[in-house]
Amino acid sequence: MGVALSPAGGLVTFTADETAAILADGFLLVVPAMDELIFLSDLRGTSAADGVAEFARAQFFNTQLFSCEQESGPSDEGTCSWASFNGTRTVVSNQTRFEDTTFSGAFGGQFEVFDNVFVGGALAFEQSDTSRLFTDLDANRGRAGLTVKYVDSGFSGGLAVSGAIGNVDSTRTTSSGTALTDFGVTTLSARARVAYTFGGDGWFVTPELAGGVTRVEGDGYSETGAGINNRIVTSYEETSFSVHPAVTVGGDFRIGPFDTLVRPSLTLGVDWYDDPSVSVGSGVVTIAERVSADDFLGRAGVNLDVFADQDVAIRLRYNGLYGESTKSHGGEVRVQLDF
C-alpha cells in the first residue's frame, strides 16, 4: 500500500495499480506503494517555503526605493539619504502550511540628475526564519536595488530593479536523526509604479498602480545526518508577475511648540500574484512537493510621517496583507535626512 496527501490535506491509501490515478488527481505528496514502513515525518518539509516567501520580500524592498517624500507636500521628492529597520511575520494556513519571520535593515538615498528626474539606490541585509512542518530554514540575504523616477506637479512615475543573494541553513527532524544542509538562493525583481496626488488645504489623495516581476532560483542540495532518511532535493526556478493597485488618503497637521508637521495617512489596496508557488522534487522515495501562498491579497497600511525639522523626517509604517489563507503583519521605522 502507498500513502497520498490530497490537496485538501487528507491522507488516503492506494495500491500500486492506482498510482497513475492518484497522481492525475493532483495529490501533493505521494509515498509509493511498498512493503517498508516510511514515517510521514521523514518526507515533509522543503526548501520551497523560503522561495514562496521571497516573492513578497523582494517586492517590499522595491517599494522602499520609491520615496524621499518632502515636508512641502506628499508628492514632492528631493535629494535625501535614509535608513530603515523592518520586521514582518507571515502565516500561510493552506494545505502547504508555513510560517515566515523576517527582519531587515536597509539604507539608501537618491539625488536629482535632471529637472524632476531622480536616481537612487539602496542596500539591505535580511535575516529570515521559515518553518514548515518538520523543517526550519534560517536564511541570510544581501539585497541591492536601483531606481529612476520622474516627479512633476503631483504626478510620479518610476522603475525599481533589485537583486538578492542569500544562503539558507536547513534543519529537518526525522525518525532517524536530524537532517542538515544548506543551499543558495538568488532573486531578481523589478517594479514599475505610477501615481498622482490630488490635494486641498491640508489633505491629499494618491491613487497608484504598480506592476512587478520576481524570479527566484534555489540550488539543489543533499542532506546529511539522518541516514536513510537523508534527501537529495532538486533545484528550482520560479517566476511570478504581480499587480498592486492602491489608494492613500492623508492630511497635514502642525502640532507642538515648534509647529512640527505631522502627516498621517491610510493606504488600502490589493496585491495579485501570478501563481506564487515553488515546486521541488526529492528522494529517497520519489516525492514532488509544491508550496504556495494566496494569489490575491487585500493590503492595508497605516503611515505616520513626522518632520522634526526642515532636514530630518521620521516615518512609521504598518503593512498588513490579508488573504484566504495568508496573513502578514509588518512594521517599519525609517529615518530620512534631506539635502
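Coordinates for the structure precede this section.
Fair warning: this is a prediction, and the values are worked out from it, not measured in the lab.

The rules behind the values
Residues numbered from 1 in each chain as written. Predicted model: local features only at pLDDT ≥ 70, side-chain atom pairs only at ≥ 80, totals over all residues. Heavy atoms only, no water. Helix = DSSP H or I, 4+ residues; strand = E, 2+ residues; numbered from the N terminus. Buried < 20%, exposed > 50% of the residue type's maximum accessible area, 1.4 Å probe, protein only. Contact = heavy atoms within 4.5 Å. Polar contact = N/O pair within 3.5 Å; in protein donor to acceptor, adjacent residues only side chain to side chain. Pairing = 2+ DSSP bridges. Salt bridge = Lys/Arg side-chain N within 4 Å of Asp/Glu carboxyl O. Phe/Tyr/Trp six-rings, centres within 6.5 Å; stacked < 30°, edge-to-face > 60°. Lys NZ or Arg CZ within 6 Å of the ring centre and 35° of its normal. Disulfide = S-S within 2.5 Å.

Another aspect to go through is the environment of D295. As for its placement among the helices and strands, D295 is situated in the loop between β20 (287-292) and β21 (296-307). We classify D295 as partly exposed; its relative accessible area is 39%. Along the backbone, D295 and S242 are 53 residues apart, and their C-alpha atoms lie at a distance of 8.9 Å. Beyond its immediate stretch of four places on either side in the chain, D295 contacts D271, W272, Y273 and P276.

It is worth spelling out the environment of R193 at this point. Along the chain, R193 turns up in strand β11 (residues 177-196). For the pair formed by R193 and A210, sequence separation is 17 residues and the distance between their alpha carbons is 4.2 Å. Side chain to side chain, R193 and S156 meet in a polar contact 3.5 Å long.

What follows is about the pairing of strand β9 (residues 135-152). Here strand β8 (residues 117-132) runs beside β9; their pairing, made up of 16 bridges, is antiparallel. Looking across to β9, one finds that S128 is bridged to A139. In this structure, the hairpin formed by β8 and β9 is closed by a connection of 2 residues, where L133 is found at a positive phi of approximately 55 degrees. By the bridge criterion, 18 bridges tie β9 to strand β10 (residues 155-174) in an arrangement that is antiparallel. Directly across from A139, in β10, lies its bridge partner V168.

What follows deals with the pattern of salt bridges. Under the criterion given, the structure shown has 19 salt bridges. Two residues, R315 and D305, come together in a salt bridge whose shortest N-O distance is 2.8 Å. Within this pair, whereas R315 is found in strand β22 (residues 312-322), its partner D305 is found in strand β21, the two being separated by 10 residues in sequence. Assessed through its relative accessible area of 3%, D305 is described here as buried. Bridged by salt links that share partners, the residues D50, E54, R57, D100, E126, R141 and R143 form one connected network.

Before going further, it helps to spend a moment on the side chain of S240. Among the secondary structure elements, S240 is positioned in strand β16 (residues 236-251). The buried category is assigned to S240, whose relative accessible area is 1%. A distance of 3.0 Å separates the side chain of S240 from the backbone oxygen of D274, its partner in a polar contact. Contacts of S240, omitting those with residues within four sequence positions, involve F55, G212, V213, T214, Y273, D274, D275 and P276.

The next subject is the packing of aromatic side chains. Going through the model one piece at a time under the given rule, you end up with 3 aromatic pairs. Summarising the aromatic geometry, the rings of F85 and F103 are spaced 6.2 Å apart at their centres and angled 15 degrees between planes, so their arrangement reads as stacked. Pair noted here: F85 is in strand β6 (residues 80-92) and F103 is in strand β7 (residues 98-114), with a separation of 18 residues, a long-range link. For F85, a relative accessible area of 48% translates into the label partly exposed. The ring of W82 is capped by R334, whose NZ or CZ atom sits 4.0 Å from the centre of that ring.

Let's shift gears to the pairing of β16. The side chains of a regular strand alternate, residue by residue, between the two faces of the sheet. The pairing of strand β13 (residues 203-218) with β16 spans 16 bridges and is antiparallel. Looking at the pairing, V205 lines up with V249 of β16. For β16 and strand β18 (residues 260-273), the ladder comprises 7 bridges, and the chain directions are antiparallel. Directly across from V247, in β18, lies its bridge partner L268.

Time to look at the state of the cysteines. A complete count under the given rule lists 1 disulfide for this structure. The disulfide partner of C68 is C80, and the gap between their sulfur atoms is 1.7 Å. Of this pair, C68 sits in the loop between α2 (48-64) and β4 (69-70) while C80 sits in strand β6, placing them 12 residues apart in sequence. Overall, C68 belongs to the buried group, its relative accessible area being 1%. Exposure remark for C80: the relative accessible area of 3% places this residue in the buried category.

Even without glycine at this site, S153 takes up a positive phi of about 50 degrees. Considering the arrangement of structural elements, one finds S153 in the loop between β9 and β10. Classification of S153 by relative accessible area gives exposed; the value is 61%. We note that D275 has phi near 50 degrees; this positive angle belongs to a residue other than glycine.

Read these as layout, nothing more, since geometry by itself doesn't imply function.
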